[in-house]
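Understanding the architecture of this molecule
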Amino acid sequence: MGTEYDVAILGAGASGLMLTARLEKRYSVLLIDSNRSPGAKIAVSGGGRCNLCNLELSTDRYRADPDFIRPVFDRYDQQWLLEWVGQRGVAWHPEAQGKIFCDRGARSLNRLFAQAIPPGVFIAGERIVKVEGKGPFQITGQKRSYSARTLVVASGGRSFPKLGASGIGYEIAKSYGHRIETTAPALVGLTLQPDEFFMKELAGISTEVELKVGKRQWRDRLLFAHRGLSGPAVLNASLWWEAGEIAIDFLPGISLEKLQGSRQLTTLLPLPKRAARAFLERLGIPDRPVDRLSDLHRRRLRRLKAYRFAPAGTFGYGKAEVTRGGVSTREIDPYTMQSRRQAGLYFIGEVLDVTGELGGYNFQWAFSSAAVAADALNGTLG
Ligand SMILES: Cc1cc2nc3c(=O)[nH]c(=O)nc-3n(C[C@H](O)[C@H](O)[C@H](O)COP(=O)(O)OP(=O)(O)OC[C@H]3O[C@@H](n4cnc5c(N)ncnc54)[C@H](O)[C@@H]3O)c2cc1C
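Residues numbered from 1 in each chain as written. Predicted model: local features only at pLDDT ≥ 70, side-chain atom pairs only at ≥ 80, totals over all residues. Heavy atoms only, no water.

**Regarding the sheet that holds strand β18 (residues 313-314)**
- Pairing in this open sheet of 7 strands is antiparallel, and the strands run β17-β16-β13-β14-β15-β12-β18 from one edge to the other. Each end of this open sheet is capped by a strand with a single partner; those strands are β17 (307-309) and β18.
- When strand β13 (residues 206-213) meets strand β16 (residues 246-249), the two strands line up antiparallel, connected through 3 bridges. Looking at the pairing, Leu211 lines up with Ile248 of β16.
- Against the sheet, helix α7 (residues 232-240) contacts β12 (190-191), β13, β14 (216-224) and β15 (228-230), and its axis sits at roughly 130° relative to β14. (Pairing = 2+ DSSP bridges. Helix = DSSP H or I, 4+ residues; strand = E, 2+ residues; numbered from the N terminus. Contact = heavy atoms within 4.5 Å. Axes fitted to C-alpha atoms, helices over the stretch in contact; angles between N-to-C directions.)

Next up, the structure:
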């Protein structure tokens, strides 16, 4: 077995990298990942542009226990993150909806982290299969085994298996008696029931909508796709949708009463023409000027303001930006990220039952939770 390390970090993604960068250099640290290079998801984030965080950080943007995430963000918020990366040469700028992007893309952030990993710390291409023991932890990889006084599980969720995702974090948590909240793909497209397959014919068309799931609603773009519905409004909705109906206003901000004139509906409605034609056909409304519609057809037209249907499912983990659910936060101390069940065992990032909406909220969680764990480890390892 050989050396006993002070800290072993399982996963060199956003949270594992931030933790490595913030641990005091006097500790012996291992950062293990099945990928050949660290930061695989950072590299593809925001289409390579890296949506680092959001100026409008709020617990309301997360599917999580607000009392668990609040103390973490009280200590490490978006201003801290922006200062931290800025001081290390990563330039950034704000865009719409408070989203912050890296000026020189995801590569600049990965370069920062690559420089922050001390030589010999990163173990590449090692898939961890099992963890046992109670400090020292015995960590079994496909190539060899490792021993460490403390273990930080930073292995993310199940999304994007081709970038290294696995369920190992949940397996480790379960083996130490932790509860796992049901996991599901999130920030992902929704598939359609056969009744709504006409929307697939509109693949490639995008339009602004207001989409409601329960009491939550988003006004943003919807993209018709070959497999169903996508685009930011739908991706955000997928974080909350479990089963049952969603409601889409395809004419947000438009009052049907104010739609008048001699133009036919396909030119009058502020929808891409092909989409307008498909919806009129689906709803059995003739393509006429509004004042030549019967009462029945006017009532049917109202459905465009609240088009309700039940999606069939999601596009799955292969396409989902994140995994919702995960290690229950009830058994984790938000002031240290340490397990309340096993001393020396920590969980950070997406492996926990904390999932944000689109807009940089998931990196923020990964980085802030890692910073909290780093403080705890720096203070207790001696
Ligand atoms: C395409 C895409 C785009 C995204 N864009 C954004 C964005 O712009 N902004 C944003 O805020 N969020 C974005 N996200 C979400 C964000 O990437 C994640 O929420 C974040 O990376 C989670 O960090 P983490 O450290 O918890 O996990 P990860 O970054 O997923 O890191 C976990 C690491 O653990 C490793 N690992 C897993 N199992 C094993 C094992 N058995 N053995 C060894 N290693 C293992 C994995 O290889 C991985 O490198 C995006 C996600 C995707 C998929």
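**Considerations on the domain arrangement of the chain**
- Along its sequence, the chain is carved into domain 1 (4-185 + 318-380) and domain 2 (190-314).
- Facing 11 residues of domain 1, the contacting portion of domain 2 comprises 14 residues.
- Buried area between domain 1 and domain 2, summed over both chains or domains, comes out near 1,000 Å², and the portion from carbon and sulfur atoms is 44%.
- Of all residues in domain 1, Arg63, Glu357 and Leu358 give up the largest surface area on contact with domain 2, accounting jointly for 48% of the area buried on that side.
- There are 2 salt bridges connecting domain 1 and domain 2.
- Among the salt bridges present, the one from Asp60 reaches Arg216, with a minimum N-O distance of 3.6 Å.
- Where domain 1 packs against domain 2, one counts 9 residue pairs in polar contact (both at pLDDT 80 or more).
- Taken together, the residues of the side of domain 1 that touches domain 2 sort by class into 3 nonpolar, 3 polar and 5 charged. (Domains from an automatic or database assignment. Buried area = accessible area lost by both parts, 1.4 Å probe. Salt bridge = Lys/Arg side-chain N within 4 Å of Asp/Glu carboxyl O. Polar contact = N/O pair within 3.5 Å; in protein donor to acceptor, adjacent residues only side chain to side chain. Nonpolar A, V, L, I, M, F, W, Y, C, P; charged D, E, K, R; others polar.)

**Observations concerning the side chain of Gln78**
- Tracing the sequence through the fold places Gln78 in helix α4 (residues 78-87).
- Judged by its relative accessible area of 10%, Gln78 is buried.
- Within polar-contact distance, the side chain of Gln78 engages the backbone oxygen of Leu55 at 2.9 Å. (Buried < 20%, exposed > 50% of the residue type's maximum accessible area, 1.4 Å probe, protein only.)

**As for the site of the ligand**
- Close contacts around the ligand come from 33 residues, with Ser15, Asp33, Ser166, Glu350 and Phe363 the closest.
- A distance of 2.7 Å is found between an oxygen atom of the ligand and a side-chain nitrogen or oxygen belonging to Ser15.
- A distance of 3.1 Å separates an oxygen atom of the ligand from a polar atom in the side chain of Asn35.
- Across the complex, the protein chains shield 95% of the 1,000 Å² of accessible surface that the ligand would expose by itself.
- Breaking the shell around the ligand down by element, the ones donating at least two residues are α1 (14-22), α2 (40-44) and α11 (361-380).
- Sort the elements by how many residues they give to the shell around the ligand and α11 lands first, with 4 residues.
- When the residues that make up the shell around the ligand are grouped by side-chain class, the tally is 12 nonpolar, 15 polar and 6 charged. (Near = heavy atom within 4 Å. Areas by Shrake-Rupley, 256 points an atom, 1.4 Å probe, with all protein chains shown as cover.)

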